[in-house]
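These are the residues of each chain, in order.
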Amino acid sequence: MNNPPLVVRRVTFVQLLSLLACAAPAIGQLPSGWRAHDWDRPTPPLVNPGEGALPVPPPSDAIILFDGGDLSQWRDAEGEEAKWVVKEGVMESVPGSGYVYTRAAWGDVQLHIEWASPKKVQGKSQGRGNSGVFLMGQYEIQVLDSFDNRTYADGQAAALYGQYPPLVNASRGPGSWQSFDIIFRRPRFGGDGQLLSPARFTVLHNGVLVQDHVEAWGPTSWLKHAPYEPHPDRLPLSLQDHGNPVQYRNIWIRPLAEQPLPPPIVHYETIAVHLSGNELDAIAGRYSDGFRVERQGRMLFLRRGGQKLEMVPRTATEFGLRFTAATIEFEMDQTGRSTALTFEMGGDRQRVQRPTAPPVKP
């Protein structure tokens with residue numbers, strides 16, 4: 001039979017990880033070089049986050065997901081009323097009740113959430129004050145009582161679970177209110193389902209930077225590496241019931257522009273005309289108030305205040321600067337030699353004279 005034609009396809013590193021996840025597992029195949037949940041992975045250093053004032057008031061454009069009143073913004077996995085409880089202005093996970101999900105779906109967001117593990121310490125490692133904040137229901141920032149509680153590094157509080165430990169352990173003690181501020185950029189998929197860019201996280205735990213623009217390798221998961229699969233651009237946020245009565249309060253969210261605004265277009269000066277050596281020499285030299293025009297080969301430079309700025313000719317008497325929005329115009333005498341220049345930048349204009357050349361001795 002005929003062999004099919006060979007198709008060569010470029011894949012990104014994250015896509016390569018997705019392919020490896022379907023193959024036989026190999027030690028160190030993840031970008032960190034560590035296996036998921038490795039007990040020997042170094043734990044983050046301890047940092048005292050200080051006594052930051054909580055709760056943090058929401059900004060004027062925030063959408064309130066929970067302000068201590070009710071769970072009207074939340075549902076259970078089946079779309080029914082959330083089965084967590086509200087008491088004394090906080091919402092509390094009810095063991096066995098399941099995850100809760102926002103009724104609205106979200107993509108790129110800034111999320112603020114405050115939480116507290118149980119004041120009475122019970123259990124250890126992952127069994128102590130365990131919950132989680134799931135962006136798009138798939139990418140978890142771990143909630144855990146990590147105060148004097150040894151566990152694997154990629155599973156402690158503020159970890160991107162199973163992938164990135166926090167940079168530092170900024171946890172407060174059991175029962176203390178803590179905060180997460182999360183900047184989340186969703187993954188982008190092409191029309192054919194191909195991953196274009198991974199999910200990205202920046203996280204502050206109690207005001208301390210713990211995740212610095214990290215890229216998720218795929219959805220977070222327990223015991224395994226899960227590859228990216230195409231999903232909608234917006235999905236609900238969820239909070240995990242892990243069997244511990246973790247409390248939450250003051251949850252607000254700000255949708256972010258799906259694509260960050262592009263930087264302004266920078267029009268760098270380009271040479272519009274080419275001047276002869278005589279034309280360059282006609283304007284090179286000293287001017288008053290510390291201005292000087294220097295010639296180096298076919299190029300002119302403006303010296304001013306210790307700066308050496310490349311000049312780009314637009315005409316024989318008008319110049320711009322290569323990287324600065326400024327204009328230099330020269331006044332010429334009947335012999336074609338400059339007598340003055342006007343420097344304009346930021347709305348300010350300064351005209352300076354060129355000293356009269358000394359008479360030529362016979």
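Heads up: the structure comes first, above all this text.
Predicted model, so just to flag it, every value in this text is computed and none were measured. (Residues numbered from 1 in each chain as written. Predicted model: local features only at pLDDT ≥ 70, side-chain atom pairs only at ≥ 80, totals over all residues. Heavy atoms only, no water.)

Draft legend 1. Main features of the environment of Gln 122. Relative to the helices and strands, Gln 122 is located in the loop between β6 (109-116) and β7 (131-135). The exposure class assigned to Gln 122 is exposed, which follows from its relative accessible area of 53%. Note: C-alpha distance between Gln 122 and Asn 244 (122 residues apart in sequence) is 9.3 Å. With sequence-adjacent residues up to four places away left out, Gln 122 is seen in contact with Gly 127 and Arg 128. (Helix = DSSP H or I, 4+ residues; strand = E, 2+ residues; numbered from the N terminus. Buried < 20%, exposed > 50% of the residue type's maximum accessible area, 1.4 Å probe, protein only. Contact = heavy atoms within 4.5 Å.)

Draft legend 2. Structural detail: the side chain of Thr 102. By secondary structure assignment, the location of Thr 102 is in strand β5 (residues 100-106). If we ignore the near neighbours within four places in the chain, the residues touching Thr 102 are Leu 65, Gln 73, Trp 74, Arg 75, Pro 236 and Leu 237.

Draft legend 3. A look at the nonpolar core. Counting 45 residues, the largest nonpolar core has Trp 74, Val 133 and Tyr 248 as the members making the most contacts within it. Beyond its immediate chain neighbours, meaning those up to four positions away, Val 133 contacts Leu 111, Ile 113, Tyr 139, Glu 140, Ile 141, Val 143, Phe 180, Ile 182, Leu 237, Ser 238, Leu 239 and Tyr 248. Of all hydrophobic cores here, the second largest spans 18 residues; its members include Leu 275, Phe 319, Phe 343 and Val 352. (Core = buried A, V, L, I, M, F, W, Y, C linked by side-chain atoms within 4.5 Å.)

Draft legend 4. Local environment of the pairing of strand β17 (residues 292-296). Where strand β16 (residues 285-286) and β17 come together, two bridges link them in antiparallel fashion. Paired with Gly 285 across the bridge in β17 is Val 293. Where β16 hands over to β17, the hairpin turn is made up of five residues, of which Asp 289 adopts a positive phi near 60°. Between the end of β17 and the start of strand β18 (residues 299-304), which pair antiparallel, lie two residues, with Gly 297 showing a positive phi angle near 65°. (Pairing = 2+ DSSP bridges.)

Draft legend 5. Up close: the sheet that holds strand β21 (residues 326-332). Spatially, eight strands are ordered β16-β17-β18-β19-β20-β21-β22-β23 in an open sheet, and the strand pairing comes out antiparallel. Looking at strand neighbours, the two that pair on one side only are β16 and β23 (348-353), the edges of this open sheet. Two elements, strand β22 (residues 338-345) and β23, share six bridges in a ladder whose sense is antiparallel. Looking across to β23, one finds that Ala 340 is bridged to Gln 353.

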